[in-house]
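Structure assessment
The residues making up each chain are set out below.
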Number of protein chains: 2
Amino acid sequence: MKERQEAIKRYIERKGDVTLSELTKEFSDWSEMTIRRDLEFLEQRRFLIRTKRGARIMPTSYEVSVGMYGEREKRNCDLKQEIAAKAAALVETDISMYLDAGSTAMMLARELPDRNLIITTSAPNIGIEIVLKKKNPTVILLGGTLQRKTISTCGLNVLDQLKTLNIDTAFVCASGYTDATGFSVGGQHECVLKRAIIASARRVIMLMDSSKLNSILPFTFAQLSDIDTIVTDSKAPESIKAAFRAAGVHVL
Amino acid sequence: MKERQEAIKRYIERKGDVTLSELTKEFSDWSEMTIRRDLEFLEQRRFLIRTKRGARIMPTSYEVSVGMYGEREKRNCDLKQEIAAKAAALVETDISMYLDAGSTAMMLARELPDRNLIITTSAPNIGIEIVLKKKNPTVILLGGTLQRKTISTCGLNVLDQLKTLNIDTAFVCASGYTDATGFSVGGQHECVLKRAIIASARRVIMLMDSSKLNSILPFTFAQLSDIDTIVTDSKAPESIKAAFRAAGVHVL
DNA sequence: CTCCGTTTTGTGAATTTTTCACATCTTTTC
DNA sequence: GAAAAGATGTGAAAAATTCACAAAACGGAG
């Protein structure tokens, strides 16, 4: 595959849904016809489908979350993308990692290198995404009841399932953070799961975009002392980042 | 939503991918313009996306399997649809059931009534499909390693997971059957899982389209004596159906 | 039942998008 | 370095889509 085609693919993956004119503007070094042919090429390889006047990402499970969360998902898309890219750089080969549920985690999944990784996750849509798009990683899905809102599983026996899994690095998402309350989420089951993961992982990396700082959700699952690294975006206020560093947490 | 729009939606859901001319032929009582407007209407509600000259089902996890198996999936679409409809009629309210992986099972999932059901499955795409499209069923995903080919999980501890689950009716798919070899599939892990399910379920219903009769795959997981009912399509030869009945199996 | 306003549907022209054939330019191979 | 193969650009032809408006169907209110 050519470099231009890769670039077009990445662009569409990021945007989700593009028009041809948008693409000709973005890739103005080439003619419309060439872009058309590239789209045809990419469609044949099932990376995308061509729509009325443009193209759309080939919807695998990605669309599940987009469809669910609708515009909310896309809103902080660029922030989350930034976080995902930074987090992906922390992934080493042959690592055993945990990947949380949520849109930021989905973006991280797409940024992961196609290498030998053992990826445990409670989000079946993320697991499917990885397995369909990459050849090398092994995906382990945690079993349990599938939650409608979060598309993630939670089982009474999560602890049993984790017992035989040695997780090196856990990428965990939070929905809220304040100094007083720590990291919090909206669901009780998620809270229990995240706690179990954090307790068992060697290294915990928190993914949180700046829009979630200074908000409180019902259930706290971790304090600053529980985590090693926090990955956030460039819009996070310097004051909070300084407070994180003061607590001995790496900030990226 | 109008009756015509419902019908168009159903038609596209069944076919997966249609052209406008196909639709105008199918719904020839209305003009092309009306169909166009219906497609626009349905697109706004996220039921489908419009493509170059037609429309395509809004891809939730359903598309995952279609995308994977490609034409194979669509080939016996009508037969599988027939089987799924017949099998759905066997589902009672408040039942605890197991749903196998595979395209026939996916179709059954779409035909299920939106009632209080406990649905256990090893196919995360089917679980997501149910949870997104229906409000009432509870979905339990079995955990384990996610297989690339089948989009289903298999874990070393399936037996443990099943221990606390009481499955009333299991809908199981087979890839091959002959009198001599019984029901067989292509993967060893699937074979183990199916055996465990069949051993623990009170009632076992086998789903198999006629194209799979008289073919043998590497791993046998059940004999006629293990199952209660076979649901197949109208193209199944009467002689085989008679043999099933003679063995005490209900044939639908 | 009929009038009037609203909604839905059909029609054809205008517009836009897509396709196709072919010319030109680039890269590869011998 | 020449021939072949491949990629890209161009513009006309074909097709699909949109748009504005007319016709038809529908739904009360009198």
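Now for a quick tour of the structure. (Residues numbered from 1 in each chain as written. Chains lettered and ligands numbered in written order. Predicted model: local features only at pLDDT ≥ 70, side-chain atom pairs only at ≥ 80, totals over all residues.)

Focus on the protein's contact with DNA strand D
Quick note on the threshold: Only the C-beta atom matters for this test: placed from the backbone, it must lie within 6 Å of a molecule or strand for the residue to be near it. Only DSSP runs of H or I with at least four residues qualify as helices, and only runs of E with at least two residues qualify as strands; both kinds are numbered from the N terminus onward. Here the nonpolar group is Ala, Val, Leu, Ile, Met, Phe, Trp, Tyr, Cys and Pro; Asp, Glu, Lys and Arg are the charged ones; every other residue, Gly included, is treated as polar.
Taken together, Trp30(A), Ser31(A), Met33(A), Thr34(A), Lys52(A), Leu20(B), Met33(B), Arg36(B), Lys52(B) and Arg53(B) make up the full set of residues adjacent to DNA strand D. Listing elements by their share of the surface near DNA strand D, those giving two or more residues are helix H3 (32-44) of chain A together with helix H3 (32-44) of chain B. Considered class by class, the residues forming the surface near DNA strand D number four nonpolar, two polar and four charged.

So, the pairing of strand S12 (residues 203-207) of chain A
All names here are of chain A. For clarity, the threshold we go by: Here the C-beta atoms are placed from the backbone, and a residue counts as buried if at least 20 other C-beta atoms lie within 10 Å of its own, exposed if 12 or fewer do, and partly exposed otherwise. A pair of strands is considered paired only if DSSP assigns at least 2 bridges between the two.
Burial runs high along S12: four of the five residues are buried. Pairing of strand S9 (residues 169-173) with S12 involves five bridges; the strand directions are parallel. The partner of phenylalanine 171 across the bridge, within S12, is isoleucine 205. Sheet topology note: the S12/strand S14 (residues 229-231) ladder contains three bridges and is parallel. Looking at S14, one finds that methionine 206 is bridged to isoleucine 230.

Let's talk about helix H10 (residues 188-200) of chain A
Rules: By this rule the span expected of a helix is its residue count minus one, scaled by 1.5 Å.
Across its 13 residues, H10(A) extends 19 Å between first and last C-alpha, which sits within 8% of the 18 Å expected from 1.5 Å per residue. Every buried residue of H10(A) is accounted for by His189(A), Glu190(A), Cys191(A), Leu193(A), Lys194(A), Ile197(A) and Ile198(A).

What about the protein's contact with DNA strand C?
As a structural note, the neighbourhood of DNA strand C is formed by Leu20(A), Met33(A), Arg36(A), Lys52(A), Arg53(A), Trp30(B), Ser31(B), Met33(B), Thr34(B) and Lys52(B). Sorting the residues of the surface near DNA strand C by element identifies H3 of chain A together with H3 of chain B as the ones contributing at least two each. Of the residues assigned to the surface near DNA strand C, the class counts are four nonpolar, two polar and four charged.

A few points about the sheet that holds S14(A)
Put simply, the test is: Note on contacts: each residue gets a C-beta atom placed from the backbone, and two residues are in contact if those atoms are within 7 Å. Every axis in this analysis is a line fitted to C-alpha atoms, fitted for helices over the stretch in contact. Angles between the N-to-C directions lie between 0 and 180 degrees.
Ordered in space as S15(A)-S14(A)-S12(A)-S9(A)-S4(A)-S5(A)-S6(A)-S7(B)-S8(B), the nine strands form an open sheet in which the pairing is mixed. Edge positions in the open sheet fall to strand S15 (250-251) of chain A together with strand S8 (152-154) of chain B, since each of these has one partner strand only. Where strand S6 (residues 138-141) of chain A meets strand S7 (residues 144-147) of chain B, two bridges bridge the pair, whose relative direction is antiparallel. Bridge pairing links Leu141(A) to Gly144(B) in S7(B). Here H10(A) sits on the sheet and contacts strand S4 (96-99), S9 and S12 of chain A; the angle it forms with S9(A), its principal contact strand, is near 150°.

Purely geometric numbers; function is a separate question.
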